[in-house]
Amino acid sequence: MGSRARILGRRTAVLVVVLLQLGMVVRGYTADHKEFAFQMFSESSTWRADIVRVTADGRRIPVDEPWAGYEWDELVGDRGLRFAAVRHHADAGVDNQLAFLAAALDWLADNTPNDTETLYLEATVTYWRNTHAPETVVFRSHDRNVQAQ
């Protein structure tokens, strides 16, 4: 292989690596989970959520109460979503926690086949980003296919 081809190959390889790294930096700071973003100091954000199951007949039942053999704290595992009604530190940032919570609501809607009464799950989340004034957001899972009894 000629020296010109070798030089072009090296430059192409360096360019690809630099572009990939820049892409990871941009993704790191724009994504909810920030997989590729290093932050020396974490946020001092906290959050809490009131999560309910809304039944087909309109009842709003807290997920703290077991239903159809399911328990919220067992279903969400260790994603920082257990005991949601208690104010928690947002370990990897509040956007990360909110993204996990929104995904958990949809996951629960899809993976609780014994539950024949829940139409959707809803979370009213209050969070304090870096000790600023509280903000509130509501997340809702997609609708489940259940019949009112």
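If you're wondering where the values come from, they're calculated on a predicted model, not measured in any experiment.

Cut-offs used in this document
- Residues numbered from 1 in each chain as written.
- Predicted model: local features only at pLDDT ≥ 70, side-chain atom pairs only at ≥ 80, totals over all residues.
- Heavy atoms only, no water.
- pLDDT = per-residue confidence, 0-100.
- Helix = DSSP H or I, 4+ residues; strand = E, 2+ residues; numbered from the N terminus.
- Salt bridge = Lys/Arg side-chain N within 4 Å of Asp/Glu carboxyl O.
- Buried < 20%, exposed > 50% of the residue type's maximum accessible area, 1.4 Å probe, protein only.
- Pairing = 2+ DSSP bridges.
- Phe/Tyr/Trp six-rings, centres within 6.5 Å; stacked < 30°, edge-to-face > 60°.
- Polar contact = N/O pair within 3.5 Å; in protein donor to acceptor, adjacent residues only side chain to side chain.
- Contact = heavy atoms within 4.5 Å.

Undergrad: Describe in detail the confidence of the model for the chain, supporting the description with residues and values.
TA: In this model, the chain carries an average pLDDT of 87, and 89% of its residues clear a pLDDT of 70 or more. Model confidence for the chain, summarised as mean pLDDT per element, is weakest for helix α1 (residues 3-30) at 88 and strongest for strand β5 (residues 135-140) at 97.

Undergrad: Can you lay out the pattern of salt bridges for me, pointing to particular residues and giving the numbers?
TA: Counted under the stated rule, the structure contains 9 salt bridges. It is possible to trace a salt-bridge network through shared partners that takes in Arg53, Asp57, Arg59, Asp115, Glu117 and Arg144.

Undergrad: Can you tell me about unusual backbone geometry, naming the residues and giving the values?
TA: Unusually for a residue other than glycine, phenylalanine 83 sits at a positive phi of about 50°. By relative accessible area, which is 49% here, phenylalanine 83 ends up partly exposed.

Undergrad: Talk me through the pairing of strand β1 (residues 46-55); I want residue IDs and the actual numbers.
TA: Regular strands place side chains that alternate from one sheet face to the opposite one. Most of β1 is tucked away: 8 of the 10 residues are buried. Across 2 bridges, β1 lies against strand β3 (residues 88-89) in antiparallel orientation. Opposite threonine 46, over in β3, you have histidine 89 as the bridge partner. As judged from the 10 bridges shared by β1 and strand β4 (residues 118-128), these two strands associate in the antiparallel manner.

Undergrad: Explain the packing of aromatic side chains to me, and be specific about the residues and the numbers.
TA: Scanning the model with the defined rule gives 1 aromatic pair in all. Ring geometry for tryptophan 67 versus tyrosine 70: centroids 6.1 Å apart, planes at 50°, classification tilted. We note that tryptophan 67, like tyrosine 70, is buried.

Undergrad: Summarise the environment of glutamate 122; cite the residues concerned and give the values.
TA: In this fold, glutamate 122 is placed in strand β4. Glutamate 122 gets classed as buried once you look at its relative accessible area, which sits at 12%. As for glutamate 122 and alanine 102, which are separated by 20 residues in sequence, their C-alpha atoms are 9.2 Å apart. Within the structure, glutamate 122 has its side chain in polar contact with the side chain of arginine 60 (distance 2.4 Å).

Undergrad: Run through the side chain of threonine 118, naming residues and quoting values.
TA: Inspection of the secondary structure assignment puts threonine 118 in strand β4. A polar side-chain atom of threonine 118 sits 2.6 Å from a polar atom in the side chain of arginine 53. A distance of 2.4 Å separates a polar atom in the side chain of threonine 118 from a polar atom in the side chain of aspartate 115. Setting aside anything within four residues of it in sequence, one finds threonine 118 in contact with Arg53, Val54, Thr55, Trp67, Arg144 and Val146.

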